[in-house]
Structure formats: structure tokens, C-alpha cells
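# An overview of the molecular structure
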Amino acid sequence: MRYPLISNTFFKQNREKLSGLLPKDSLAVFAAAANMPRNGDQFFPFRQQSDFFYLTGIEAEKAFLVLYPSCPEPELKEVLFIEAYNPVKATWDGHMLSQQEASNISGVQTIRKDDQFDAVLRELMHSAQAVFLNLNEYPKYHTVIADSNKLLADKIKAAYPLHDFLRAAPLLEGLRVIKSETEIKLIEQACQITGKAFERVLRFVEPGKYEFEVQAEIDHEFTIRRAQGHAYAPIIAGGINSCVLHYTDNESRLESGDLLLFDFGAEYANYASDMSRTIPVNGKFTDRQKDCYLAVLRVLKQATKLYVPGNTTDQINKTTWKMMEAEMIDLGLFTAEAVKNQHPESPLYQKYLMHGVAHHVGLDVHDPGLKYQPLKPGMVITCEPGIYIREEKIGIRLENDILVTENDPVNLMAPIPIEADEIENLMQRNY
Ligand code: GLY
Ligand code: MN
Ligand code: MN
């Protein structure tokens, strides 16, 4: 493992919390992620399914977890199934988890081999009435590929059509949305690595470099600092590319006088960070770029104050959009009069800011969380206002990850440079 082992108390507590939510005579079943084929005999790098990691800490495919807190057989209240040892696989792919290791990592006492799953489940289903199945219910999730939890759900529903089936996703979402101390430390570590990569590129960027060269600097810093990689496809967007919200080609030459927008975040121990910064390619903002930059920065600072218990991300979005609207008027993009006469369904600011400014971050960069749910201490949510003025080749986004507490919001990216003068000073070259 690249990161120090996380105490299994964390995974045990997560299972206890979930077990406490399961009604009597019900069990919950979770599948590990499958290895995703890339082509022929190649696979994408393995990434554990987030809920499975949250409940077990196990980073392997072909594993299952069954939680059955009211099981009459105490030994079977928690069962973790792992792939049976396969000497050929071990020869080609390396170390396979032993049962003892799986127990040490997860804290689960009863470990069985995956080929016993069907038989054990059959025994448990005999006394259980209801089964919680875990589908990916993220609103924007859409895929033609059935993941391992979907396959498992289909299989169990077909085999036991007379049991009751319930959704595990809302339970997991309710737990994961509040981060424990352990999780906050891991997210902080991810943020810290992201910050180090940003400092590195501030020393590297200059006209004539290519976006992919900048990405290579980030990749290098992530790797030597033990990140697993990027928490999402990094955006390294110079000039007009800064106005493409999800630009990930990262292939263009950086030109003097242009801005360079970054949106990247390290993933550490499966926990994400999500940062945006915008810098001048030649180390000095033009007057107009600086005016726009300072407008976004002011809004970032004001909006961060909204990250307190009771507010919702929906309210934060709406309030922040209004703040950006006022800045856009000052920047001369439209008039206050025009705003008064705008159609409420298509406000003028949407031409220059088309995205939300707040989402949860955790095991997933877009972690589950309902937008009408009042914020609570322990939530980690991005604050990411931006402005995209295509006709001026100006795209600016500034994004921090904010921890909600009982008191003031805590910016987990506070040490990462963001003031315009600070950025310019750090980019100074002594040729
Ligand atoms: N990096 C994706 C986002 O900012 O939401
Ligand atoms: Mn981002
Ligand atoms: Mn974000």
C-alpha cells in the first residue's frame, strides 16, 4: 500500500453505524468493484467501489461483505468474502490477500472465500426477510456497463424473488456525508499534496510550455507524495480552453498574455481533493484579467462564510450566483437595468457562470449529498465560483474544499497560494 494502513477501528465503526440502521431480520450485501477491462487482456487501474472501501478498507476485486446484525448465528453477523488463493494469479499479478490480512485490514472476524458466498447467503436468507442492495444512485450516474453491485442485485433478486428488497444507497449516503476525524485527516492530506503540486507548477509554467508538460509536473509530484493519482481527470486549460468547463485534452501550447486555469486534485488513500486555481501564463495578470480574478476571489471569500450549519448547498449556489452577478455588473458585462428586465428562467449571469459552486467531497470527488439537506459539522464541500468570458479568452475558477464545523468554516486549502500578488511573486523568474 502506498499509504499507511488506516486503523480498522474506522471501518468497524462504519459497519456499526450501518448495522444500527438495518431493521431486524434484514441483511445488507455489498460487492467490491470489478477490474474494468481496457482492451484485450488489459485493465484500467483498479479503484475500489467507494462504499465497499468505507465499510472494509479492502482494495481487491471479487470480494463481498454481508452485514446481518440480527442474525441468529453470531459468527455470521458480519462476513467478508475474499477471492480464494490462486497460485497462477499470484504468479502473474503478485500478492493476494490472505484471510488474516483481510481480517486485520477490515476488522471483520469472519472471513470466507468468495466461492462460499452463494452457500452462506442461502443460509442467511433462510432467516432474513429483507435485503438491502447497493446500487449507484448518484443522480448523474449513467452507464451501459453493469457494475458488480448491479450484477449482484440482479442475481439475488432472481434467486430470492419472495424476499423484500430495499435501497442501501440512502443509508450509505447519510453516513458518508458526515466525515469522521480519520476521513478529514485523509482529505487534508490529499489537499496538501495538491497544494505541493500547484507550488511546483507555479515554478514551471511559462510561455511556450504545453499543457501536458504542466500535467506531467503534477503527476510527478502526486506520485512521489504517495497519492494514488488524480481524483478526477485534471483540467489544465490555457487561453480559450479556460472557458471549456470540462476541458481535459491538455494538449495546447501556453501563450504569453493568456490565463491558465487548473482544476485538479490528488486522491490519497481513496480520498479526493478538488482544487481550482487560475494563473497568468507569463507571470503577470493584465489589468482586465486581474479585475476579473479579484472579482472571483472576493466572491470565493464571501461565499465561504455561508458554509455553516443550517444552510443548504442549494442556498449557497443561489446566493453565490447573485454575488457573481453583482461582480459581473461591475465588470461591465451587463447592466443592473438589464438584470431587472431579464427573464427569470434565463438570468444574464448564466452566460458567464454555468455551473454550481458547491458539492460534497470525500471518497468520490462528487460525493453523495442532497442539495436541500442542511449543512452539518463534518461535511466537506467545495466552494468554486468562476467566470468565463469567451470573447475575452478569460476563464477563471477558484476552488477550495471547506470543512463545516460548529463554528467558522475551515478552508482545508488555506495554505495553497491564491492571492493575485502572491501568485505573481511566486511566478517571478530570475533569468
Ligand atoms: N473537478 C470537478 C469539479 O470541480 O467539480
Ligand atoms: Mn474542481
Ligand atoms: Mn468541484
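Data block above holds the structure.
This text gives an overview of the structure that appears in the document.

Rules behind the numbers
- Residues numbered from 1 in each chain as written.
- Chains lettered and ligands numbered in written order.
- Predicted model: local features only at pLDDT ≥ 70, side-chain atom pairs only at ≥ 80, totals over all residues.
- Heavy atoms only, no water.
- Donors = N, O, S within 2.8 Å, 3.2 Å for Na, K, Ca; no water.
- Helix = DSSP H or I, 4+ residues; strand = E, 2+ residues; numbered from the N terminus.
- Buried < 20%, exposed > 50% of the residue type's maximum accessible area, 1.4 Å probe, protein only.
- Tetrahedral: all angles 85-135°; square planar, octahedral: opposite > 155°, others 65-115°.
- Core = buried A, V, L, I, M, F, W, Y, C linked by side-chain atoms within 4.5 Å.
- Contact = heavy atoms within 4.5 Å.
- Near = heavy atom within 4 Å.
- Polar contact = N/O pair within 3.5 Å; in protein donor to acceptor, adjacent residues only side chain to side chain.
- Areas by Shrake-Rupley, 256 points an atom, 1.4 Å probe, with all protein chains shown as cover.
- Nonpolar A, V, L, I, M, F, W, Y, C, P; charged D, E, K, R; others polar.
- Expected span 1.5 Å × (residues − 1).
- Arc of directions from axis to C-beta.
- Pairing = 2+ DSSP bridges.
- Axes fitted to C-alpha atoms, helices over the stretch in contact; angles between N-to-C directions.
- Phe/Tyr/Trp six-rings, centres within 6.5 Å; stacked < 30°, edge-to-face > 60°.
- Lys NZ or Arg CZ within 6 Å of the ring centre and 35° of its normal.
- 1 Å grid on protein atoms, 1.4 Å probe; cavity = no way out; pocket = protein on both sides within 12 Å on 5 of 7 lines; lining within 4 Å.
- Points joined across faces, edges and corners; volume = space filled by probe spheres on them.

### Here's the deal with the coordination of the manganese ion (ligand 2)
Protein-derived ligands of the manganese ion (ligand 2) are Asp-263 (OD), Asp-263 (OD), Asp-274 (OD) and Glu-399 (OE), with the metal-ligand distances lying across 2.0 to 2.5 Å. Of note, the manganese ion (ligand 2) draws all its donor residues from one chain, in the sequence arrangement D-x10-D-x124-E. Separating the manganese ion (ligand 2) from the manganese ion (ligand 3) is a distance of 3.3 Å, and Asp-274 supplies a donor atom to each of them. Residue Asp-274 is found in the loop between strand 13 (271-272) and strand 14 (275-280), and its partner Glu-399 is found in the loop between strand 17 (394-397) and strand 18 (400-403); the two are separated by 125 residues along the sequence. Here Glu-399 falls in the buried class, since its relative accessible area comes to 0%.

### Comments concerning the coordination of the manganese ion (ligand 3)
The protein atoms that coordinate the manganese ion (ligand 3) are Asp-274 (OD), His-359 (NE2), Glu-384 (OE) and Glu-399 (OE), at distances spanning 2.0 to 2.2 Å. In this structure, the manganese ion (ligand 3) is surrounded by 6 donor atoms whose angles at the metal cover 52 to 157 degrees, and the resulting shape is irregular. Each donor residue of the manganese ion (ligand 3) lies on one chain, and together they are spaced D-x84-H-x24-E-x14-E.

### What to know about the nonpolar core
Judged by nonpolar contacts, the single largest core of 113 residues is most densely connected at Phe-30, Phe-198, Phe-262 and Ile-387. Looking at this core element by element, the count peaks at 11 residues for helix 8 (residues 181-204). Excluding residues that lie within four positions of it along the chain, Phe-262 makes contacts with Phe-198, Val-201, Val-205, Val-214, Ile-218, Ile-235, Ile-236, Met-275, Ser-276, Arg-277 and Ile-279. With 22 residues, the next largest nonpolar core counts Leu-27, Cys-71, Val-120 and Leu-121 among its residues.

### As for the site of ligand 1
For ligand 1, the full set of nearby residues is Tyr-232, Asp-263, Asp-274, His-359, His-366, Glu-384 and Glu-399. Between ligand 1 and Asp-274 there is a distance of 3.1 Å, counted from a nitrogen atom to a side-chain nitrogen or oxygen. The separation between an oxygen atom of ligand 1 and a polar side-chain atom of Glu-399 is 3.2 Å. Relative to its unbound accessible area of 200 Å², ligand 1 is 88% covered by the protein chains. In terms of residue class, the shell around ligand 1 is built from 1 nonpolar, 2 polar and 4 charged.

### Focus on the side chain of Lys-179
Turning to its location among the elements, Lys-179 is positioned in the loop between helix 7 (169-176) and helix 8. A polar contact is formed between the side chain of Lys-179 and the backbone oxygen of Val-361, at a distance of 3.4 Å. Side-chain polar atoms of Lys-179 contact the side chain of Asp-367, separated by 2.8 Å.

### Some words on helix 6 (residues 148-159)
Along its 12 residues, helix 6 runs 16 Å from first to last C-alpha, staying within 8% of the 16 Å computed at 1.5 Å per residue. Taken together, the buried positions of helix 6 are occupied by Ser-148, Asn-149, Leu-152, Ala-153 and Ile-156. Taken around the axis of helix 6, the buried residues stretch over an arc of 135 degrees, which confines them to a single face. Residue Asp-147 occupies the N-cap position of helix 6, its side-chain oxygen lying 3.0 Å from the main-chain nitrogen of Asn-149.

### Brief notes about the sheet that holds strand 1 (residues 26-31)
The strand order across the open sheet formed by 6 strands is 6-5-4-1-7-8, and the pairing between neighbours is mixed. The open sheet has two edge strands with one neighbour each: strand 6 (110-113) and strand 8 (164-167). Taking each pair of neighbouring strands and ignoring which way they run, the sheet shows an average axis angle of 25 degrees. Alignment of strand 4 (residues 64-67) against strand 5 (residues 78-82), held across 4 bridges, turns out to be antiparallel. Note on strand 5: the bridge partner recorded for Leu-65 is Leu-80. On the sheet, helix 5 (residues 117-127) packs against strand 1, strand 4, strand 5, strand 6 and strand 7 (130-133) and is oriented at approximately 160 degrees with respect to strand 1. Relative to strand 8, helix 7 is tilted by about 30 degrees, and along the sheet it contacts strand 1, strand 7 and strand 8.

### Notes on the packing of aromatic side chains
Within the structure shown, the criterion is met by 13 aromatic pairs. Arranged with centres 5.6 Å apart and planes meeting at 85 degrees, the rings of Phe-11 and Phe-53 form a pair that is edge-to-face. Here Phe-11, found in helix 1 (residues 8-19), pairs with Phe-53, found in helix 2 (residues 50-56); they are 42 residues apart in sequence, far enough to count as distant. The class of Phe-53 is buried, set by a relative accessible area of 1%. Measuring from centroid to centroid gives 5.1 Å for Phe-81 and Phe-117, while their planes differ by 80 degrees, and the two rings are edge-to-face. Remark: Phe-117 occurs in helix 5 and Phe-81 occurs in strand 5; sequence separation between them is 36 residues. For Phe-117, a relative accessible area of 2% gives the class buried. Put simply, the rings of Phe-10, Phe-11, Phe-53 and Tyr-54 touch in pairs and so form one group of aromatic residues. A cation over a ring is seen here: Lys-209 above Phe-204, with NZ or CZ 4.1 Å from the ring centre.

### Points about the layout of surface pockets
What the second largest pocket holds in volume is close to 200 Å³. Lining the second largest pocket are 15 residues, and of these Ala-31, Phe-64, Ser-148, Leu-151 and Leu-152 sit closest to its centre. For the lining of the second largest pocket, the secondary-structure elements that each account for two or more residues are helix 5 and helix 6. Across the lining of the second largest pocket, the residue classes tally to 9 nonpolar, 1 polar and 5 charged.

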